[in-house]
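Chain residues, written in single-letter form:
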Amino acid sequence: MTRVYFVRHAEPNYNNHDDYARELSAKGLDDRKLVTSFLEEKSIDVVFSSPFKRAVDTVKDFADIYGYDVKIKEEFRERKVDNFWIDNFHEFSKKQWEDFNYKLSDGESLRQVQERNIAALKEVVREYQDKGIVIGSHGTALSTVIHYFVPEFSFLQFEMIRTWMPWIVYFAFAGEVCKEITSYNLFSGKEMKWQIGRGEEE
C-alpha cells in the first residue's frame with residue numbers, strides 16, 4: 001500500500017500578497033509542530049512540496065528534524081487566481097466550485113488545478129509504490145484532489161475546511177487505485193473518512 005499524506009499549509013501572513021513568497025505567520029510557525037508530531041511515527045520515505053514558501057515551511061520542520069530533503073514539485077502549487085489580489089474571495093471561490101471551468105483572465109480554473117495536481121500525484125505514486133509520502137499542499141489544490149476521487153466534495157465542504165491550517169488528508173493507494181481517504185483535523189483530533197466514488201485504474 002502506498003501511503004500519501006497531503007499537508008495543507010499552516011496559517012500564512014495575509015499581509016504578504018506575493019503568492020510564491022507568502023511566509024507563515026507566527027501562529028503558523030508554531031502550528032506546524034502539529035504536523036511534525038503527526039508525521040513522526042508514520043514511516044515516511046520522501047517529502048515533496050509545492051514551491052510556495054508557506055507549503056515548504058509547513059513540512060520543513062518535520063523534514064529538518066528527521067533528515068529529509070524537501071523535493072519541490074511545481075505541479076503541486078496552489079491555484080493561480082489572477083495577477084491581482086481578490087478581496088471577495090468567498091464569492092470567487094463559490095463561482096469556481098459551481099463551474100469547474102470558471103477562471104479570471106490570467107488565472108486558473110479548478111479543472112486545470114485538479115488536472116495538474118492529479119497528474120503529479122499519479123507520477124509520485126508510481127515512482128514511490130508502497131512507500132510513505134508527504135506532500136506540502138494548499139487548501140484549494142488539495143480540495144480538487146479530494147474532489148477527483150470524491151465527486152460529492154463541493155463548495156460546502158471546501159468552506160468547512162477553509163480555516164483548517166494546517167490540515168492533513170491521508171490517501172492509501174493499491175497500485176494506482178485509491179482505496180482510502182481520511183481527513184485529520186489537527187486541532188480537534190477528529191478524523192473523517194471520505195466515501196471514494198472514483199477508483200478506476202488509469
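Up top you'll find the structure we're talking about.
The residue numbers shown here count from 1 along each chain, following its written sequence. Local features in this predicted model are restricted to residues of pLDDT 70 or higher, and side-chain atom pairs are both shown and tallied only at a pLDDT of 80 or more, whereas totals for entire chains, interfaces and linings draw on every residue. As a convention, hydrogens and water are excluded, and side-chain values are obtained from all of the structure's heavy atoms.

Chemist: Tell me about the overall build of the protein chain, and name the residues and values.
Modeler: The numbering of helices and of strands both runs from the N terminus, where a helix is a DSSP run of H or I of at least 4 residues and a strand a run of E of at least 2. Looking only at helices and strands, one finds 6 helices and 7 strands in the protein chain. Written out in order from the N terminus, the α and β elements of the protein chain read β-α-β-α-β-α-α-β-α-α-β-β-β. Radius of gyration here uses only the C-alpha atoms, and the compact-globule reference equals 2.2 Å multiplied by the residue count raised to the power 0.38. In terms of overall dimensions, the protein chain is globule-like: its C-alpha atoms have a radius of gyration of 16 Å, near the 17 Å expected for 202 residues. Taking as baseline every contact in the protein chain between residues at least 6 positions apart, the subset at least 24 positions apart corresponds to 65%. Under the convention used here, a 1.4 Å probe and the Shrake-Rupley method define accessible areas, while residue burial counts only the protein chains that appear. By element, 47% of the accessible surface of the protein chain is carried by carbon and sulfur atoms, the whole surface being about 9500 Å². Positive: Lys, Arg. Negative: Asp, Glu. His and the chain ends are not part of the count. Charge positions come from single atoms, namely NZ of Lys, CZ of Arg, CG of Asp or CD of Glu. Mean positive and mean negative side-chain charge positions of the protein chain (28 and 35 charges, respectively) differ by 1 Å. Here a residue-residue contact requires only that any non-hydrogen atoms of the pair lie within 4.5 Å.

Chemist: Can you break down the packing of aromatic side chains residue by residue, with the values?
Modeler: Between rings of Phe, Tyr and Trp, where Trp is taken as its six-membered ring, a pair exists when centres lie within 6.5 Å; planes separated by under 30 degrees are stacked, by over 60 edge-to-face, and by other angles tilted. Inspection of every chain in the model, using the stated rule, returns 21 aromatic pairs. Ring centres 4.3 Å apart and planes at 55° place the aromatic pair Tyr20 and Phe52 in the tilted group. Of this pair, Tyr20 sits in the loop between strand E1 (2–8) and helix H1 (26–39) while Phe52 sits in the loop between strand E2 (46–49) and helix H2 (53–66); the two residues are 32 residues apart in sequence, bridging distant segments of the chain. Between Phe62 and Tyr66, the ring centres sit 5.2 Å apart and the planes meet at 40°, which makes this aromatic pair tilted. Of the two residues, Phe62 and Tyr66 both sit in helix H2, 4 residues apart, roughly one turn of that helix. Only protein chains enter the area calculation, which uses a 1.4 Å probe; residues under 20% of their type maximum are buried, those over 50% are exposed, and those in between are partly exposed. By relative accessible area, which is 2% here, Phe62 ends up buried. Aromatic rings pair up to connect Phe6, Phe76, Tyr148, Phe149, Phe171 and Phe173 into one cluster.

Chemist: I'd like a rundown of the pattern of salt bridges, residues and numbers included.
Modeler: Whenever Lys or Arg places a side-chain nitrogen within 4 Å of a carboxyl oxygen from Asp or Glu, that contact is recorded as a salt bridge. Within this structure, the stated rule accounts for 13 salt bridges. For Arg126, the salt bridge is made with Glu176, and the minimal N-O distance between the two is 3.5 Å. Linking Arg126 in helix H4 (residues 110–127) with Glu176 in the loop between strand E5 (167–174) and strand E6 (177–184), this pair joins segments that are 50 residues apart in sequence. Residue Glu176 is classed as buried on the basis of its relative accessible area, which comes to 19%. Connected via shared salt-bridge partners are Asp19, Arg22 and Arg54.

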